[in-house]
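Structural overview
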Amino acid sequence: MKKKEVLVLEELLGSNKKIASEIRKKLEDKGILTINFLSSPGAGKTTLLEKIAETLKPDNKMAVIEGDIETERDAERIRAKGIPAWQILTGGACHLEAKMVAKLFPEIPADLDFLFIENVGNLVCPASYDLGENLRCVLLSTPEGDDKPKKYPKAFTTSDCLIITKTDLVPPVSFNLEHAQKEALEINPKLKIFITSALKGSGIDELIEYFLSSLHQLRQENA
Amino acid sequence: MHELSIVANLFEILEEKAKEKKAKKILTVKLKVGSLSGVIPEFLETAFDIYKKETIASKARLVVEKIPLKIQCQKCHTETVKDDFVFICNQCGSRELKTLSGTELLLEKIEMEVS
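Notes on the structure follow. Because the structure is predicted, anything quoted here is derived from the model rather than measured. (Residues numbered from 1 in each chain as written. Chains lettered and ligands numbered in written order. Predicted model: local features only at pLDDT ≥ 70, side-chain atom pairs only at ≥ 80, totals over all residues.)

In this section: the overall build of chain A. The helix and strand tally for chain A stands at nine helices and eight strands. The C-alpha atoms of chain A give a radius of gyration of 18 Å, which matches the 17 Å a tight globule of 223 residues would have. Projecting the C-alpha coordinates of chain A onto the three principal axes gives extents of approximately 70 × 40 × 40 Å. In chain A, which comprises 223 residues, the share counted as buried stands at 45%. The contacts of chain A with a sequence gap of at least 6 include a subset with a gap of at least 24, amounting to 74%. (Helix = DSSP H or I, 4+ residues; strand = E, 2+ residues; numbered from the N terminus. Rg over C-alpha atoms; globule rule 2.2 N^0.38 Å. Buried ≥ 20, exposed ≤ 12 C-beta atoms within 10 Å, placed from the backbone. Contact = placed C-beta atoms within 7 Å.)

As structure tokens, this is what we get:
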């Protein structure tokens, strides 16, 4: 018997990354912009998606992949808006992985503009998994507190945009909008920030405008 | 707590490498884990010890090298090790920075017993 040292230098999440790249390529070829929503539980991901569904013009088609540990509830809420939705149940796992999204691939209509993926509510683990998205959006709801960006650096540094939700609750929960934005930009200067309230309908048009211009850019690059 | 699922990926690679090199046993597994990798080294160790039972690595030792977040300013070229994740150059205040290390989650090497 002898000892042998083998240099590997392989990424532990390399297999996820590979599947994610394949998903991205296939969706881009169809001209679909994929957006991954990350947040803690109850930050308002589903409500924001409902609002986006209501606000999008009928000529823009969207679909939603819902990730949850249990229940079909979120997918049912989206379907009630007339939007195709698939529910992935992780059965306990705290995040979605690219292979779970890849399984749904045959069912995704080719004529979509936007495919939203609502990740499992968790600000930690989902941040490590590329799902093949073009945009990653992290949601921060005002009741969670304005100190979250630095407490969950991975979620904020890997995101393209920050959506502050439930801003109608700013006064009662003493959320400091300026502080939250400043802190988020300190850990990720490239973050685009949207200040929204799904209840009041504020900030939704700006967000949709951002998604539409990203879609336009993606289609131009793939033309 | 996605460390168990990461360790499951690690074992897929370990088993593949062991087969390729015709190893009898895996003795040491060395990982590089960045401070901005999103995983906690101690949880990886716990998950590794649970997972390794009845595998080719059942007696293996996991060694985790923690890699700090290191950035380089694109304006004044100062390199800084960051422990606060604030992406601002300590020297000149610029926000144009390049991440040099600290995001890795890497299987670096395996020590194995071969016949």
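A few words on the overall build of chain B. Secondary structure assignment for chain B yields two helices and six strands. In chain B, the succession of α and β elements from N to C terminus is α-β-α-β-β-β-β-β. At 18 Å, chain B has a C-alpha radius of gyration far larger than the 13 Å of a compact globule built from 115 residues. Judged by the C-alpha coordinates and their principal axes, chain B covers about 55 × 30 × 15 Å.

Before going further, it helps to spend a moment on the sheet that holds strand β6 (residues 105-114) of chain B. Strand order in the open sheet formed by four strands is β1(A)-β6(B)-β1(B)-β2(B), with mixed pairing between adjacent strands. The open sheet has two free edges, formed respectively by β1 (2-11) of chain A together with β2 (61-67) of chain B, since each of these has just one partner strand. In this sheet, neighbouring strand axes are inclined to one another by 20 degrees on average, regardless of whether the strands run parallel or antiparallel. Pairing of strand β1 (residues 23-34) of chain B with β6(B), which is carried by nine bridges, proceeds in the antiparallel orientation. Across the sheet, residue A23(B) finds its bridge partner in β6(B), namely V114(B). Across the sheet, helix α1 (residues 3-20) of chain B touches β1 of chain A together with β1 and β6 of chain B, and the angle it forms with β6(B) is around 40 degrees. (Pairing = 2+ DSSP bridges. Axes fitted to C-alpha atoms, helices over the stretch in contact; angles between N-to-C directions.)

Each partner contributes residues to the interface: chain B has 30 residues there, and chain A has 29 residues. Within the residue set of the side of chain B that touches chain A, elements represented by two or more residues are α1, β1 and β6 of chain B. By residue class, the composition of the side of chain B that touches chain A is 17 nonpolar, five polar and eight charged. Pairing geometry for β1(A) and β6(B), over eight bridges, is antiparallel. Bridge pairing in β6(B) links E5(A) to E111(B). (Nonpolar A, V, L, I, M, F, W, Y, C, P; charged D, E, K, R; others polar.)

This brings us to helix α1 (residues 14-29) of chain A. All names here are of chain A. Look at α1: 23 Å from first C-alpha to last across 16 residues, which is about the 22 Å you get at 1.5 Å a residue. Among the residues making up α1, those that are buried are N16, A20, I23 and L27. One face of α1 carries all of its buried residues, which in axial projection span an arc of 60 degrees. Of the residues in α1, the exposed ones pointing more than 90 degrees away from the buried face are K25 and D29. Contacts made by the buried residues of α1 are with β2 (33-38), α4 (98-103) and β5 (114-118). Among the residues trailing α1, G31 stands out with phi positive, at a value near 75 degrees. (Expected span 1.5 Å × (residues − 1). Arc of directions from axis to C-beta.)

This part is about the sheet that holds β5(A). Residues and elements named next belong to chain A. An order of β4-β3-β5-β2-β6-β7-β8 is seen for the seven strands of this open sheet, with the pairing classed as parallel. Both outer strands of the open sheet, β4 (85-89) and β8 (192-195), are each paired with one neighbouring strand and no more. Within the sheet, the average angular offset between the axes of one strand and its neighbour, ignoring direction, is 20 degrees. One ladder, built from five bridges, connects strand β3 (residues 62-68) with β5; its direction is parallel. Its bridge partner being in β5, E66 is matched across the sheet by E118.

Okay, the packing of α1(B) against helix α2 (residues 41-51) of chain B next. Residues and elements named next belong to chain B. Their axes nearest at 9 Å, the elements α1 and α2 cross at an angle of 55 degrees. Of the possible angle classes, the one that applies to α1 and α2 is oblique. Crossing handedness for the pair α1 and α2: right-handed. The segment α1 lies against α2, with E3, L4, I6, V7, A8 and F11 engaging F43, L44, A47, F48 and Y51. Residues of the contact of α1 with α2, tallied by class, amount to 10 nonpolar, no polar and one charged. (Parallel < 35°, antiparallel > 145°, perpendicular 65-115°, else oblique. Left-handed = near helix turned anticlockwise from the far one by under 90°.)

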